[in-house]
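# Observations on the model geometry
Chain by chain, the residues:
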Amino acid sequence: ARFGIDERAFWAETGRVAAELRQCGLEVLEETVYLDLLLNYVRRGPDGGPPPLAGLSNEILRETGAELETFPGVVEFLTMLGSFPEECARVTGEASFRQFTIDISLISTGFRKTIEGSVLAPHVQRIFATEFSQMALVPGSDGGVGRLEDTGAIVWPTYVMTHSGKTAAIHQVRKGVGLLEGRGV
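Every chain is numbered independently, its residues counted from 1 as its sequence is written. For a predicted model such as this one, the threshold for reporting local features is a pLDDT of at least 70, and the threshold for listing and counting side-chain atom pairs is 80 or more; totals across whole chains, interfaces and linings nevertheless cover every residue. In computing side-chain properties, one takes all heavy atoms of the structure into account and sets aside hydrogens as well as water.

### As for the overall build of the protein chain
Convention followed: Counting from the N terminus, the helices are DSSP H or I runs at least four residues long and the strands are E runs at least two residues long. Based on C-alpha atoms, the radius of gyration is set beside the globule rule, defined as 2.2 Å times the residue count to the power 0.38. Type-normalised accessible area, obtained with a 1.4 Å probe on protein chains alone, sets the label of each residue: buried when under 20%, exposed when over 50%, and partly exposed for intermediate values. Should any heavy atoms of two residues lie within 4.5 Å, those residues are considered in contact. Surface accessibility follows the Shrake-Rupley procedure with a 1.4 Å probe radius. Residue values consider only the protein chains on display as shielding. None of His or the chain ends enter the tally, which takes Lys and Arg as positive and Asp and Glu as negative. Where a charge sits is defined by one atom per residue type, namely NZ (Lys), CZ (Arg), CG (Asp) or CD (Glu).
Per the secondary structure count, the protein chain includes 6 helices and 5 strands. Each helix (α) and strand (β) of the protein chain, taken in turn from the N terminus, gives the series α-α-α-α-β-α-β-β-β-β-α. Here the protein chain has a C-alpha radius of gyration of 21 Å; the compact-globule value for 185 residues is 16 Å, and the former is much larger. Taken along its principal axes, the extent of the C-alpha atoms in the protein chain is 70 × 45 × 35 Å. Buried residues in the protein chain amount to 30% of all 185 residues. Sequence separation of at least 24 residues holds for 50% of the intrachain contacts in the protein chain that already meet a minimum separation of 6. Surface exposure of the protein chain reaches about 12000 Å², of which carbon and sulfur atoms provide 57%. Of the charged side chains in the protein chain, 17 are positive and 24 negative, and the gap between their average positions amounts to 4 Å.

Laid out in structure tokens, this is it:
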């Protein structure tokens, strides 16, 4: 409870709000409910108290990545995968293995910046995960579009990875969407 939020109470509240919204006849993704609750904790606290996540920024999310725990052997496995073509070339004496690379994509309903700060980040080429902007749209003085202004804290999700969105991400990885020119899957 680094931020003083009871984890069980947070998830219970997420479930309660999702159930209430469904009772109103709305389609609800719990991923969006928990993101809204999280952002509410950035803006205001329960019962009008101080916001427990005031100032939560992308930098803080990245720093929390260092606290992520992985299952034993995951980092070693990713290291082995990344070095596999070179190891094949060394063992077989066949230099053609060096033309291959293994690109690893990580798909998560977690936060991109947190994963970027974790021990996993150096081993993956792409991360598909929820991302936040710290930029808020400030309306123009003439009622026009206005400009973006850095608030110093996360204010809205620019990309939300849902459980069903993982399927789309897997399809993008499989098709090689977004890879560097000249590299395939």
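### Regarding the packing of aromatic side chains
Operational definition: Here is the rule: rings of Phe, Tyr and Trp (six-membered ring for Trp) pair when centre to centre is within 6.5 Å. Planes less than 30 degrees apart are stacked, more than 60 are edge-to-face, and the remainder are tilted.
Enumeration over the complete set of coordinates arrives at 5 aromatic pairs. Ring centres 5.2 Å apart and planes at 90° place the aromatic pair Phe-10 and Trp-11 in the edge-to-face group. With a relative accessible area of 9%, Phe-10 lands in the buried category.

### Points about the side chain of Thr-64
Worth spelling out the cut-off: Throughout this description, a polar contact denotes any pair of N or O atoms lying within 3.5 Å of each other; where both atoms belong to protein, one of them has to be capable of donating a hydrogen while the other can accept it, and for residues adjacent in sequence the pair is counted only when both atoms sit in side chains.
Tracing the sequence through the fold places Thr-64 in helix α3 (residues 58-64). Judged by relative accessible area, which is 13%, Thr-64 ranks as buried. Separated by 2.6 Å, the side chain of Thr-64 and the backbone oxygen of Leu-61 make a polar contact. In contact with Thr-64, not counting residues within four places along its chain, are Arg-2, Phe-3 and Thr-114.

Honestly, that's just the spatial picture; any functional story needs more than this.
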